[in-house]
There are 2 protein chains.
Amino acid sequence: MAAASIRDVAQHAGVSVGTVSNVLNRPGEVSAESMQRVHRAIEDLGYVRNDAARKLRAGTSSTVGFVVLDGQNPFFGDVVRGAEDEASSHGIAVLYGNTDEDVARERLYLDLFEEQQVRGVLISPYSDINPRLERLRSRGIPAVLVDRFSGDGRFSSVSVDSVVGGRMAVEHLIETGRRRIAFAGGPFEIRQVTDRLAGARVAAENSTEPVDIEVVATAALTVAEGAAAGARIISRPRREWPDAIFAANDLLALGLLQALIVDGRMLVPEDIALIGFDDIAFASAAAVPLSSMRQPSGMIGRTALRILLEETSDPSLIPRQTVFLPQLVVRRSTAAKGTSGET
Amino acid sequence: MAAASIRDVAQHAGVSVGTVSNVLNRPGEVSAESMQRVHRAIEDLGYVRNDAARKLRAGTSSTVGFVVLDGQNPFFGDVVRGAEDEASSHGIAVLYGNTDEDVARERLYLDLFEEQQVRGVLISPYSDINPRLERLRSRGIPAVLVDRFSGDGRFSSVSVDSVVGGRMAVEHLIETGRRRIAFAGGPFEIRQVTDRLAGARVAAENSTEPVDIEVVATAALTVAEGAAAGARIISRPRREWPDAIFAANDLLALGLLQALIVDGRMLVPEDIALIGFDDIAFASAAAVPLSSMRQPSGMIGRTALRILLEETSDPSLIPRQTVFLPQLVVRRSTAAKGTSGET
DNA sequence: AATCGAACCTGAATCGATTCACTTCAGATT
DNA sequence: AATCTGAAGTGAATCGATTCAGGTTCGATT
């Protein structure tokens, strides 16, 4: 009952192993009759290619690895999905690992992918792993950074301009009459967080009126952390309440929203405006529909995978940075004070 | 700059390949000195094990495959996460594929996993793939069904009792005074959908008062389909409106909720109660916090992976069915008519 | 009839880690 | 001194798909 090998198939079909291999990989160079007999034998024996042997010989495989920062975040779910769609149309599978903002796991998955000799790696990096990626490249495994601009241009990247996004978000808050703005986000090791904050500050500085940006640090970009941050803000004396919050992503924003609603003293958007980042599917279904900076998530995944495949087939390509611009999606949570706004 | 092989390491360390292999796999049988020299050589050359060669020889790998029904659904995200956590503590990686309720992709991923000779397969099946799984098993690759009871007991499974869940949900609706209940769900190829409906019918039949269960079929279990179903319900003459909806999962429920709120003629929960299934993180953050049947999602993943590993190490184990009971989580969306209820 | 070329096929060599029958050798035992 | 023991180490054989230099066949051309 041991699995049939290509040799068994060859014997059963009465041809050589080379011919069987040709049937599988170069159907053009095989006579119709051999073709048929080999297929027949494959059917009879229930033969399935042994990927390990193929990989050993070929030195490369048809999977790519994707190291994701936060698998729980629907935003990354959408990115992965985009990459997967693109991959499957090339007959490639996506091996996927979740780092959860943990340096050890990040390394673990990169090691694993290297041992597996994946075709290439997509990664939304948490720590600074350029040296690690250089090494992968020297072994013929290219990498593309996802959702993160490659500042030094050593790798291709597909990202959204978080600085611009942060600026647009806060400009929008200022336009709708907010002046005391809290930025909720963290940890600051995550580049997107610092970029979005930087953009927020630019907007504040460019404003003709004085605008305060205050930082409310969170330990992670999750709903629970958002709720905790909300509780901290509420517990202050009333005169220290901000009149708007820009959350570093939608999960945080939804947690904040939940905390504010449960408490009930600050109304969204009447007393306090709230805007998130990512525009995940649940933002529009929130208690107060959430304004957000939309990222073209599926497109990011597709594009990253396409670039990766190009680089695998031509390693001499120069790294290129693809940057999308986020798009402001206005919903009720940032309606001007005292109005009910659009739903 | 070709990657170093075990032979290069052996040469560099001045020992044989067998010794290097022993250092890697049986550290006890090697002298301290060889040990050190080999490690030194590995360091110097940047040697990384070639997984393909190892797998070819060993006939098995240290990855498991997980075929997921709907990667976009946070519920499955949580399940995968649970499995991944458990796996990583055993030094095992999870290769993950999304079928999106598509028979072809389901088959594609199973083929891929078979070629890759994964250690085992976790699958939340869409179509009837028992024969396919039998074949995998005959090749030494066990499978565990996730979120689906194995009716014939031929495979181990980890699931939640959807019939009981459906019953509990509808009993709750009846208790809060609802009598004209719509069940929103589909396609009916998905076992969970039919089970939840069956449970709903049991609750209706057991009720002392006459209770109507009406079926509103959807094409998929998504937010968009939920919104569409909502629109269809609203468009009816007012006297044919149900006074409660039991949605087959939370995504549907959130879509329904969105449609009802935008329309504004039916208030939740005053005119119509709404309950979902899964209790995903966003249910509590919804416009009207959503009642739901909670599934222990992370636990399902962990348990499935643990059982799978047990079966890989002892293939003679008899399949066992693990069933969790869902838990009713009451929020505002099912408050009794005319009350405001708990938040 | 001889020659040629295209189409098709063959089978040994190869990839790199693991395994295991076999060797080596220092020290213990007789 | 001869023999034995066990720890440590060796290296050829193995896994299965792919590749490619070389073979065979056969109809077309001269």
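Residues numbered from 1 in each chain as written. Chains lettered and ligands numbered in written order. Predicted model: local features only at pLDDT ≥ 70, side-chain atom pairs only at ≥ 80, totals over all residues. Heavy atoms only, no water.

Taking an unreviewed UniProt entry as the reference, chain A is identified by name as LacI family transcriptional regulator belonging to Agromyces albus.

### Overview of the overall build of chain A
Rules: Only runs of H or I of at least four residues qualify as helices and only runs of E of at least two qualify as strands under DSSP, and these elements are numbered from the N terminus. Our radius of gyration is a C-alpha quantity, and the globule rule it is checked against amounts to 2.2 Å times the number of residues to the power 0.38. For every residue, the accessible area (1.4 Å probe, protein chains only) is compared with the maximum for its type, and the residue is labelled buried under 20%, exposed over 50%, or partly exposed between those bounds. We call two residues in contact whenever any of their non-hydrogen atoms come within 4.5 Å of each other. All accessibility values rest on the Shrake-Rupley procedure with a 1.4 Å probe; residue burial counts only the protein chains present in the view. The charge count includes Lys and Arg as positive and Asp and Glu as negative, but it does not include His or the ends of the chains. Taken as the charge location is NZ of Lys, CZ of Arg, CG of Asp or CD of Glu.
Helix and strand counts for chain A stand at twelve helices and twelve strands. The C-alpha atoms of chain A give a radius of gyration of 26 Å, which is well past the 20 Å a tight globule of 343 residues would have. In terms of overall dimensions, chain A has a C-alpha envelope of 85 × 40 × 30 Å along the principal axes. The buried share of chain A, taken over its 343 residues, is 55%. Across chain A, every contact between residues at least 6 apart in sequence was considered, and the portion connecting residues at least 24 apart equals 70%. Put simply, chain A shows about 13,900 Å² of open surface, and 51% of that area lies on carbon and sulfur atoms. Counting 37 positive and 44 negative side-chain charges, chain A places the centres of these two groups 2 Å from one another.

### Here we look at the pattern of salt bridges
Residues and elements named next belong to chain A. Basically, it comes down to this: Salt bridges, as used here, are contacts in which a Lys or Arg side-chain nitrogen is within 4 Å of a carboxyl oxygen on Asp or Glu.
Applying the stated criterion across every chain yields a total of 44 salt bridges over all chains. A salt bridge links Asp195 to Arg191, with the nearest nitrogen and oxygen atoms 3.1 Å apart. Taken as a pair, Asp195 and Arg191 lie in helix α9 (residues 191–206) at a separation of four residues, close to a single helical turn. On the basis of relative accessibility, which here comes to 16%, the residue Asp195 falls in the buried class. Each of Asp111, Glu114, Arg132, Arg135 and Arg139 takes part in one network of salt bridges that share partners.

### As for the relation of the copies chain B and chain A
Selection rule: All copies are superposed by least squares; the fitting set is the C-alpha atoms of residues with a pLDDT of at least 70 in both.
Rotating chain B by 179° and moving it 0.1 Å along the rotation axis overlays it on chain A with an RMSD of 0.3 Å. Here the transformation between the copies is reduced to the relation of a two-fold axis. Across chain B, the rotation axis passes nearest the C-alpha of Ala287 of chain B, at a separation of 1.5 Å. Of all interface residues in chain B, 98% are interface residues in chain A too; the two copies therefore contact each other through one and the same surface.

### Some points on the protein's contact with DNA strand D
Heads up, the rule is: Whether a residue is near a molecule or strand depends on its heavy atoms: if one lies within 4 Å, it is near. Any pair of nitrogen or oxygen atoms within 3.5 Å is treated as a polar contact; in protein, a donor-acceptor pairing is required on top of that, and neighbouring residues in sequence qualify only through side-chain atoms on both sides. Amino acids are sorted into nonpolar (Ala, Val, Leu, Ile, Met, Phe, Trp, Tyr, Cys and Pro), charged (Asp, Glu, Lys and Arg) and polar (every other residue, Gly among them).
Taken together, 24 residues lie around DNA strand D, and Ile6 and Arg57 of chain A together with Ser16, Thr19 and Ser34 of chain B are the ones closest in. Between DNA strand D and Ala53 of chain A, the relevant distance is 3.4 Å, taken from a base nitrogen to a main-chain nitrogen or oxygen of the residue. Between Arg57 of chain A and DNA strand D, the recorded distance is 2.6 Å, taken from a side-chain N or O atom to a base oxygen. Mapped onto the surface near DNA strand D, the elements with two or more residues apiece are α1 (6–13), α2 (17–25) and α4 (51–58) of chain A together with α2 (17–25) and α4 (51–58) of chain B. Partitioning the surface near DNA strand D into residue classes produces eight nonpolar, ten polar and six charged.

### Some remarks on the side chain of Asn22 of chain A
For Asn22 of chain A, the location among the structural elements is in helix α2. On the basis of relative accessibility, which here comes to 19%, the residue Asn22 of chain A falls in the buried class.

### A look at the UniProt feature "domain: HTH lacI-type" (unreviewed entry) in chain A
Selection criterion: UniProt positions are given in the numbering used here, feature names are shortened, and annotations may be inferred rather than shown by experiment.
According to UniProt, the positions carrying the feature "domain: HTH lacI-type" (unreviewed entry) are residues 4–58 of chain A. Along residues 4–58 of chain A one finds 71% helix and 0% strand; the C-alpha atoms at either end are 21 Å apart.

### Regarding the packing of aromatic side chains
Two aromatic rings, taken as a pair, are described by how far apart their centres are and by the angle between their planes. Residues and elements named next belong to chain A. The condition that has to hold: Here is the rule: rings of Phe, Tyr and Trp (six-membered ring for Trp) pair when centre to centre is within 6.5 Å. Planes less than 30 degrees apart are stacked, more than 60 are edge-to-face, and the remainder are tilted. Comment: the charge-over-ring label is applied if NZ (Lys) or CZ (Arg) is within 6 Å of the ring centre and within 35 degrees of the ring normal.
Under the defined criterion, the tally for this structure stands at ten aromatic pairs over all chains. Between Phe246 and Phe277, the ring centres sit 6.5 Å apart and the planes meet at 35°, which makes this aromatic pair tilted. Taken as a pair, Phe246 in strand β8 (residues 244–247) and Phe277 in strand β9 (residues 273–278) lie far apart in primary sequence, 31 residues in all. Each member of the pair, Phe246 as well as Phe277, carries the same accessibility label: buried. Positioned over the ring face of Phe155 is Arg137, at 4.1 Å from the centre of the ring. The ring of Phe277 carries the charged tip of Arg196 above its face, separated from the ring centre by 3.7 Å.

### Observations concerning the environment of Gln321 of chain B
Residue and element names in this part refer to chain B. Within the fold, Gln321 resides in strand β11 (residues 321–324). A relative accessible area of 27% places Gln321 in the partly exposed class. For the pair Gln321 and Ser157, spaced 164 residues apart in sequence, the C-alpha separation works out to 4.9 Å. Discounting chain neighbours no more than four positions away, the residues touching Gln321 are Phe149, Ser150, Gly153, Phe155, Ser156 and Ser157. Of the polar contacts made by the side chain of Gln321, one reaches the backbone oxygen of Phe155; its length is 2.9 Å.

### As for the protein's contact with DNA strand C
Near DNA strand C lie 24 residues; those nearest to it are Ser16 and Ser34 of chain A together with Ile6, Tyr47 and Arg57 of chain B. Sugar and phosphate atoms represent 63% of those atoms of DNA strand C found within 4 Å of the protein. The separation between a phosphate oxygen of DNA strand C and a polar main-chain atom of Ser16 of chain A is 2.7 Å. In the environment of DNA strand C, a base oxygen lies 2.6 Å from a nitrogen or oxygen atom belonging to the side chain of Arg57 of chain B. Within the residue set of the surface near DNA strand C, elements represented by two or more residues are α2 and α4 of chain A together with α1 (6–13), α2 and α4 of chain B. It is α4 of chain B that provides the largest number of residues to the surface near DNA strand C, a total of four residues. Within the surface near DNA strand C, the residues separate by chemical class into eight nonpolar, ten polar and six charged.

### Comments concerning the domain arrangement of chain A
Residues and elements named next belong to chain A. The condition that has to hold: By convention here, the domain bounds are inherited from an automatic or database domain assignment. Buried area adds together the accessible area that both of two parts lose upon being put together, with accessible area traced by a 1.4 Å probe.
Taken domain by domain, chain A holds domain 1 (6–49), domain 2 (61–160 + 296–324) and domain 3 (162–295 + 328–334). Averaged C-alpha coordinates put domain 2 and domain 3 at centres separated by 29 Å. Domain 2 puts 13 residues into the contact, and the matching count from domain 3 is 15 residues. For the pairing of domain 2 and domain 3, the buried interface totals around 1,200 Å² over both sides, and the portion due to carbon and sulfur atoms is 51%.

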